[in-house]
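Chain and residue survey
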Amino acid sequence: MNNTYKKTAVFLCVALIFSLTGCSKDEPAMMDTTVSVETSAVNRGTLSSESTYIGTVSAEGTASIVSLVSGTVEHVAVSMGDRVSAGDLLCRFDDESARLSLQSALAGLGTAQASLSSAEEGYNGAQKGYDSTVAGYGGEDMSVIEDQVRTAEENYEATKALFDIGAASRLELDQALQAYNSAKASLEAAKNGLTATQSSIQSALAGVEAAKAGVEAAQVGVASAEYQLSLYRLTSPISGVVESVNVISDNFTPSGTVAFVISNADNKTVTFYVTDEVIKHISAGQSVTVSARNTSYTGTISEISGIVDPATGMFRVKSLINDAKDLPDGLSVSVTTVSDTAKDAIVVPSDSLYFDNGTAYVYTVRDNTALRTDVEVALYTKETTAISGGLSDSDVIITSWSSSLKDGSPLNVVVPDAEGEKASGEDAE
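Residues numbered from 1 in each chain as written. Predicted model: local features only at pLDDT ≥ 70, side-chain atom pairs only at ≥ 80, totals over all residues. Heavy atoms only, no water.

The number of helices and strands found in the chain is four helices and 24 strands. Evaluated residue by residue, the chain yields a buried proportion of 35% over its 429 residues. For the chain, the share of sequence-separated contacts (at least 6 apart) that also reach a separation of at least 24 residues comes to 74%. (Helix = DSSP H or I, 4+ residues; strand = E, 2+ residues; numbered from the N terminus. Buried < 20%, exposed > 50% of the residue type's maximum accessible area, 1.4 Å probe, protein only. Contact = heavy atoms within 4.5 Å.)

Another aspect to go through is the sheet that holds strand E8 (residues 233-235). The strand order across the open sheet formed by four strands is E8-E7-E5-E10, and the pairing between neighbours is antiparallel. Here the strands that pair on one side only, and so sit at the sheet edges, are E8 and strand E10 (252-253). Both strand E7 (residues 89-93) and E8 contribute to a ladder of three bridges, which runs antiparallel. Paired with leucine 89 across the strands is threonine 235, a residue of E8. (Pairing = 2+ DSSP bridges.)

The biggest cluster of nonpolar side chains holds 34 residues, and the ones touching the most others in it are Ile65, Cys91, Phe93, Leu234, Val247 and Phe260. Residues within four places of phenylalanine 93 in sequence aside, it is in contact with Ser67, Val69, Gly71, Thr72, Val73, Glu74, Tyr232, Leu234 and Thr253. Val57, Val274, Ile301 and Ala324 belong to the second largest nonpolar core, which has 20 residues in total. (Core = buried A, V, L, I, M, F, W, Y, C linked by side-chain atoms within 4.5 Å.)

As a further point, take the packing of helix H2 (residues 96-136) against helix H4 (residues 170-230). Axis separation between H2 and H4 bottoms out at 8 Å; the angle between their running directions is 165°. The angle between H2 and H4 places the two elements in the roughly antiparallel class. Regarding H2 and H4, the two cross each other, and that crossing is left-handed. Of the residues that constitute the contact of H2 with H4, the class distribution is 23 nonpolar, 14 polar and four charged. (Axes fitted to C-alpha atoms, helices over the stretch in contact; angles between N-to-C directions. Parallel < 35°, antiparallel > 145°, perpendicular 65-115°, else oblique. Left-handed = near helix turned anticlockwise from the far one by under 90°. Nonpolar A, V, L, I, M, F, W, Y, C, P; charged D, E, K, R; others polar.)

Attention now goes to a nonpolar patch on the surface. Nonpolar side chains collect at one region of the surface, where Phe355, Val377 and Tyr380 lie side by side and expose about 310 Å² of accessible area between them. Looking at the element boundaries, phenylalanine 355 is found in strand E17 (residues 354-356). The exposed category is assigned to phenylalanine 355, whose relative accessible area is 52%. (Patch = residues over 30% accessible without salt bridge, like charges linked within 9 Å, V, L, I, M, F, W, Y side chains within 5 Å. Areas by Shrake-Rupley, 256 points an atom, 1.4 Å probe, with all protein chains shown as cover. Salt bridge = Lys/Arg side-chain N within 4 Å of Asp/Glu carboxyl O.)

In this section: the pattern of salt bridges. Tallied over the full model, the rule gives twelve salt bridges. Here arginine 99 ties to aspartate 95 by a salt bridge, and the two come within 3.1 Å at their closest N and O atoms. Put simply, glutamate 303 and arginine 316 hold a salt bridge, and the shortest N to O gap is 3.3 Å. On the criterion of sequence distance, the pair formed by glutamate 303 in strand E14 (residues 295-308) and arginine 316 in strand E15 (residues 315-321) is long-range, its members being 13 residues apart. Note on arginine 316: relative accessible area 26%, which makes it partly exposed. Each of Arg44, Asp344 and Asp393 takes part in a single network of salt bridges with overlapping partners.

A word on the packing of aromatic side chains. Within the structure shown, the criterion is met by five aromatic pairs. Taking the centre distance of 5.5 Å and the plane angle of 25° together, the rings of tyrosine 53 and phenylalanine 272 count as stacked. Residue tyrosine 53 is found in strand E3 (residues 43-58), and its partner phenylalanine 272 is found in strand E12 (residues 268-274); the two are separated by 219 residues along the sequence. Summarising the burial analysis for this pair, tyrosine 53 and phenylalanine 272 share the class buried. Relative to tyrosine 180, the ring of tyrosine 156 has its centre 6.2 Å away and its plane inclined at 15°; by these criteria the two rings are stacked. With a gap of 24 residues between them, tyrosine 156 in helix H3 (residues 143-164) and tyrosine 180 in helix H4 connect regions that are remote in the sequence. Of the two residues examined, tyrosine 156 and tyrosine 180, each falls in the buried class. Among the aromatic residues, ring-to-ring pairing joins Tyr354, Tyr361 and Tyr363 into one connected group. Above the plane of the ring of tyrosine 361 lies arginine 372, whose end atom (NZ or CZ) is 3.9 Å from the centre. (Phe/Tyr/Trp six-rings, centres within 6.5 Å; stacked < 30°, edge-to-face > 60°. Lys NZ or Arg CZ within 6 Å of the ring centre and 35° of its normal.)

Quick look at the structure:
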């Protein structure tokens, strides 16, 4: 009996608790999903990344300048024994064909840009046509034509009722039916017209994307043609004395010829090896930094081999190092130089990037909400990333991190004030 009383008492207590809870005047507030973020407009620029290689010091104070093109030497600017400075012209090849190639590439770029402008105009025209059609129909729901159909139907039904009691003639009934059928046909034609204009927009948009791809391809062609043209001028990568001249004016010189040898006994050379991908982004005269024995030395690339080294499967690169007399021959050192470059690319802070199963994406701002935007990464560094696809110059990206940030999250944009403190976007002027 005592157990029964205890159970009853517990039940009454629980019931009392639930009743008190249910009588609470304070209703739970809905969770605010707004995320405070910092944003930034995207910028264009050139981004470079550096790589470090293991090199070997040698006593060679010389630079061999190799011709990377075949052709007729148009002008030799130096003779044996001449003293030259880094960047001085050594010789120039007949570059008419390379200039024509560049002109052709530039013309192709102009055509591609004109095609893009035409495609964009076509898209804008299709969009205007769609907007005009929608406006004429009273909106995408075609309220104007729908009203016309309903009015014609009601008129037909009313005329039929009058006809049934002899208050309307057969002619009036036929005319009402014809008006009703005509209104329905107009509605069907309007739907088809709207579908057609939507298809025109999609087709025009596809044309714009294709034209953009054409422009990008043409830009690559121009850059390639400019690089090829630059090969027709040989310049000295170092300062020193001309020890050898192996080209003659008005004579043909094949590719791979060691055209000049420049010596500088005050400097030493570091030899290292790079892959076929890296060799596309380095050039003679490019600066390097050599680290050895807790000391850094500056230098410039003096020689780039045009053939693969059979022992390493890579390309040999030599750099002339300044004021390195204290480095013994055969010493292994670290060599750092630019290994990749992305020119005229959209650049964003690397911290703004997210990755999902190998897919890179950022959050952009659309109508004050977060929009996940997948991107193509051209070049990544610790601080900055170059984007080759997925973003446009008008985009605004979210640069701050939040665990609550998701696709479609409502945003409160936070703007740092003049003193570095953060103010909400509503208060910022």
